[in-house]
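For reference, the chains in residue letters:
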Amino acid sequence: MSDQGGAGDPLSDSQKKEIAVWFLSNAPAGEIHYVAKDVRALLGDDAVYEAAAEEAFPEYNKAHLVSLELPDRSGDIVITTYGELDKNNYLDPRTAQVATVDHIKQTCTKLRPAADEELPSAYIEEFRSALDVELSKYVAEAYPKGVCAVYCTGGKDIEGPGADFGFAVVISATKRSPQNFCWRSIWTMEFNYELQFVDIKGKIQVDAHYFEEGNVQLDTNIDCKDSTIMQSPDDSAVSIASIIRHHESEYLSSLEESYLNLSDATFKDLRRKLPVTRTLFPWHNTLAFSLTRDLAKELALGK
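Residues numbered from 1 in each chain as written. Predicted model: local features only at pLDDT ≥ 70, side-chain atom pairs only at ≥ 80, totals over all residues. Heavy atoms only, no water.

Peer 1: Quick rundown of the pairing of strand 8 (residues 165–175)? Include the residues and the values.
Peer 2: For strand 8, the buried fraction is high: 10 of the 11 residues fall into the buried class. As paired elements, strand 7 (residues 146–154) and strand 8 share 8 bridges and run antiparallel to each other. By the bridge assignment, Ala149 is partnered in strand 8 with Val170. (Buried < 20%, exposed > 50% of the residue type's maximum accessible area, 1.4 Å probe, protein only. Helix = DSSP H or I, 4+ residues; strand = E, 2+ residues; numbered from the N terminus. Pairing = 2+ DSSP bridges.)

Quick look at the structure:
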């Protein structure tokens, strides 16, 4: 990283750190360690790099809902603000344990039982665990490498019917190199006891980065709203899981439909009909091409 600023002045360590944090925080899904290696080499200053990494990695892990295997192999913990007890300790509500996390290495280093005050009451846990069971079934069916967790976000000390409470659901599914794909969804639900009503809001985000012989990135998201009636823990869980399944399936279908239409719309807007080669681009056959080798072969690129 150059020591010269835009006006010819040397960059301070603080400025170098700020730039390094930006690059680390904006690394594509699953690729922060590749970016970190290059950033460290460019900085040429371990102290500045370590300060940048210490700031960027925790935020990156939470933003991307990174999942880590628990030390006792009892499952995976999702790194999210909903389970964050402090900078390095995260609650796994399914196993009622707290994991100590090394954000930079992206590993769990220690595990302890959660204290009573860190867990919801038995009444709230009935609703939470029922929803966790239903969502785990859905995620196992829908995502080859998906994980999910359900957190109590309000009213965790309620001992029985008569008050409002809330949950947050996080779902994360990632496919690593060479085709990095990351699906993240966060759903919040507020249980209104007086109205016997559950208000549901969700945000789905999909990132993809294809970089084999090319560099194509996708970053798309959508917000969702729905509701259902408040029922028993098991019935509420089934209803909420069905709503989440519906919205996520619908969004995936819309994405598939959009990209099937790329050849008829987006690609044509990006490329002139008759290029300087005076050879028409074969739009009718675009979907048959791969992103790299087939396109290169068809257009005789690189010859």
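Peer 1: Got a sec to walk through the pairing of strand 6 (residues 107–113)? Specific residues and values, please.
Peer 2: Summarising the sheet, strand 5 (residues 97–102) and strand 6 pair through 6 bridges and their orientation is antiparallel. Along strand 6, the bridge assignment pairs Thr100 with Lys110. Hairpin connection of strand 5 to strand 6: 4 residues between the antiparallel strands, including Gln106 at a positive phi of 55 degrees.

Peer 1: Can you explain the pattern of salt bridges? Please cite residues and give values.
Peer 2: As enumerated under the stated definition, the model contains 14 salt bridges in all. In this structure, Glu54 and Lys87 form a salt bridge, with 3.5 Å as the shortest nitrogen-oxygen distance. Here Lys87 lies in the loop between strand 3 (84–86) and strand 4 (89–92) and Glu54 lies in helix 3 (residues 46–63), a separation of 33 residues in the sequence. Taking the shortest distance from any N to any O, the salt bridge between Lys62 and Glu84 comes out at 3.2 Å. Within this pair, whereas Lys62 is found in helix 3, its partner Glu84 is found in strand 3, the two being separated by 22 residues in sequence. Overall, the relative accessible area of 12% leaves Lys62 in the buried class. Within this structure, Arg40, Asp46 and Glu50 form a network of salt bridges that share partners. (Salt bridge = Lys/Arg side-chain N within 4 Å of Asp/Glu carboxyl O.)

Peer 1: Tell me what's going on with helix 2 (residues 32–43), and back it up with residues and numbers.
Peer 2: With 12 residues, helix 2 extends 16 Å between its outermost C-alpha atoms, agreeing within 8% with the 16 Å of an ideal straight helix rising 1.5 Å per residue. Buried within helix 2 we find Ile32, Val35, Ala36, Val39 and Leu43. Along the axis of helix 2, the buried positions cluster into a sector of 100 degrees, meaning they face one direction only. Along helix 2, exposed side chains directed more than 90 degrees from the buried face belong to Tyr34, Lys37 and Ala41. Its buried side turned inward, helix 2 meets helix 1 (13–25) and helix 3. (Expected span 1.5 Å × (residues − 1). Arc of directions from axis to C-beta. Contact = heavy atoms within 4.5 Å.)

Peer 1: Please give an account of the packing of helix 1 against helix 2 that cites residues and values.
Peer 2: Orientation of helix 1 relative to helix 2, taken along the N-to-C sense of each, is 160 degrees, at an axis distance of 9 Å. Looking at the two axes, helix 1 sits roughly antiparallel to helix 2. Considering only the axes of helix 1 and helix 2, their crossing is right-handed. For the pair helix 1 and helix 2, the contacting residues are Lys16, Ala20, Phe23 and Leu24 in the first and Ile32, Val35, Ala36, Val39 and Leu43 in the second. (Axes fitted to C-alpha atoms, helices over the stretch in contact; angles between N-to-C directions. Parallel < 35°, antiparallel > 145°, perpendicular 65-115°, else oblique. Left-handed = near helix turned anticlockwise from the far one by under 90°.)

Peer 1: Run through a nonpolar patch on the surface, naming residues and quoting values.
Peer 2: A surface patch of nonpolar side chains, about 310 Å² in accessible area, is lined by Ile19, Trp22 and Phe23. Here Ile19 is to be found in helix 1. The exposure class assigned to Ile19 is partly exposed, which follows from its relative accessible area of 31%. (Patch = residues over 30% accessible without salt bridge, like charges linked within 9 Å, V, L, I, M, F, W, Y side chains within 5 Å. Areas by Shrake-Rupley, 256 points an atom, 1.4 Å probe, with all protein chains shown as cover.)

Peer 1: Let's hear about the side chain of His64: which residues, and what values?
Peer 2: Topologically, His64 is positioned in the loop between helix 3 and strand 1 (67–69). What His64 contacts, discounting residues up to four positions off in sequence, is Ala27, Ala29, Ser172, Cys182, Arg184 and Asp207.

Peer 1: Just give me the short version of helix 3, but keep the residues and values in it.
Peer 2: Owing to its 3.6 residues per turn, the α-helix aligns residues three or four sequence positions apart on the same side. In this model, helix 3 (18 residues) spans 25 Å end to end at C-alpha, consistent with the 26 Å of a helix rising 1.5 Å per residue. At Ala56, helix 3 is bent by approximately 25 degrees, the largest bend along its length, and proline Pro58 sits one to four residues beyond. As for helix 3, its buried residues are in contact with helix 1, helix 2, strand 3 and strand 4. Its side-chain oxygen at 3.1 Å from the backbone nitrogen of Ala47, Asp45 defines the N-terminal cap of helix 3. One or two positions beyond helix 3, positive phi appears at Leu65, with a value near 50 degrees. (Bend = angle between axes of the 7 residues up to and from the residue. Polar contact = N/O pair within 3.5 Å; in protein donor to acceptor, adjacent residues only side chain to side chain.)

Peer 1: How would you summarise the confidence of the model for the protein if you had to cite specific residues and measurements?
Peer 2: Considering every residue of the protein, the mean pLDDT works out to 85; 79% of them sit at 70 or more. Per-residue pLDDT stays below 50 along residues 288–296; that stretch engages in 16 contacts with residues further than four places along the chain or on separate chains. In the model, residues 298–303 has pLDDT below 50 throughout and makes 5 contacts with residues more than four positions away in sequence or in other chains. (pLDDT = per-residue confidence, 0-100.)

Peer 1: Mind laying out empty space enclosed by the protein, listing which residues take part and the relevant values?
Peer 2: Rolling a probe over the atoms, with the probe sized like a water molecule, indicates the empty space that remains. Under the definition given, this model contains 1 cavity of 30 Å³ or more. There is about 30 Å³ of room inside the largest cavity. Forming the boundary of the largest cavity are Asp76, Val78, Asp92, Arg94, Asp132, Cys148 and Ala149. Listed by contribution, the elements that provide at least two residues to the lining of the largest cavity are strand 2 (76–78) and strand 7. (1 Å grid on protein atoms, 1.4 Å probe; cavity = no way out; pocket = protein on both sides within 12 Å on 5 of 7 lines; lining within 4 Å. Points joined across faces, edges and corners; volume = space filled by probe spheres on them.)

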